[in-house]
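Working through the structure, step by step
Given next are the chains, with one letter for each unit.
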Amino acid sequence: IRGYPMKALILTVAAGLVISASASAQTPNTVFLDELTWMEVADKIDAGTTTIIVATAGTEQNGPHMVLGKHKFIVTETAERIARALGNALVAPIVTYVPEGTVERTEGNRQRTGTITLPNEHYMKLLEYTARSLAAGGFTDVVFIGDSGGNQNGMETVAAMLNEEWSAREAHVHFVGEYYSGHGFREWLQEQGHSVQDVGSHAGMVDTSQLLFVNARHIRTDKLAPFGGFEGSGVRGDPSKASAEYGRVGIQMKVDAALRQISELMAR
């Protein structure tokens, strides 16, 4: 730089590099396991972060208006909130391969393009060895939560099996079914004046509202229509009545339900 002493310039650049290196060397403020190094995780465990959330999502059709990764985006948000509220927890990589009907596309969401299914016995093995790995690494409480109905039985079965095997160990697996079945969001929407039919059971008001709140860019607003707008759309409910404000309530209800059950399970 003309007129600027070279020595001063070098010192300025060097100071900037030191500051930059120092900033990048800090452990990030994250609860996601895969955003940390193994040494950072080990340090957290030593400091008392011994709970790990294993969240299952899935990759399935959600009608013409909502992306296939709906459950992943929703449960990533809720799992982070749960972990931060617990204060001593991390979140394992989200499980996106779950039971979704048959590979032959004869039942369930597999009838529509893009859905990926994993037979339940393989899904349960994935959960089992995820839990075994995490417990071997030092986590003492493995928490299973699932954002989809087909995920629940496998998680419950694996949790019971491992807890029986580990009865003499410090490690435990906690299946938190209330996250999915006990949050009460559907009932709350009905209390707001919406019919059971409009609230729906898949890709309707519940899911669409939550994803609108979490990340609205994953909703094709020009495709919002009652029951998807045509027969065979894959939508059961009226997503056109969804809203981000409803979604905010629904997300928090899921988080609160999970925290209540986690507290009960860990108090036993």
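Details of the structure are given in the entry above.
These remarks concern the structure in this document.

Thresholds, definitions, all that
- Residues numbered from 1 in each chain as written.
- Predicted model: local features only at pLDDT ≥ 70, side-chain atom pairs only at ≥ 80, totals over all residues.
- Heavy atoms only, no water.
- Pairing = 2+ DSSP bridges.
- Helix = DSSP H or I, 4+ residues; strand = E, 2+ residues; numbered from the N terminus.
- Axes fitted to C-alpha atoms, helices over the stretch in contact; angles between N-to-C directions.
- Contact = heavy atoms within 4.5 Å.
- Buried < 20%, exposed > 50% of the residue type's maximum accessible area, 1.4 Å probe, protein only.
- Polar contact = N/O pair within 3.5 Å; in protein donor to acceptor, adjacent residues only side chain to side chain.

Right, let's get into the sheet that holds strand β3 (residues 141-146). Within the open sheet, the four strands sit side by side as β2-β1-β3-β4. Their pairing is parallel. A strand with exactly one partner marks an edge of an open sheet, and here the two such strands are β2 (89-91) and β4 (172-175). The mean inter-strand angle of the sheet, taken between neighbouring strand axes irrespective of direction, is 25°. Examined bridge by bridge, strand β1 (residues 51-56) and β2 share three bridges and lie parallel to one another. Residue pairing across strands places threonine 51 opposite alanine 89, the latter belonging to β2. Contacting β1, β3 and β4, helix α10 (residues 244-266) crosses the sheet at an angle of about 145° to β4.

Among the structural elements, aspartate 147 can be located in the loop between β3 and α5 (152-165). Judged by its relative accessible area of 2%, aspartate 147 falls in the buried class. Residues aspartate 147 and threonine 76, 71 residues apart in the sequence, show an inter-C-alpha distance of 9.8 Å. If near-sequence neighbours (up to four positions away) are discounted, aspartate 147 is found in contact with Thr56, His71, Ile74, Val75, Gln152, Tyr179, Tyr180 and Lys254. Polar contacts involving the side chain of aspartate 147 include one to the side chain of histidine 71, which spans 2.7 Å. A polar contact of 2.7 Å, which involves the side chain of aspartate 147, links it to the side chain of lysine 254.

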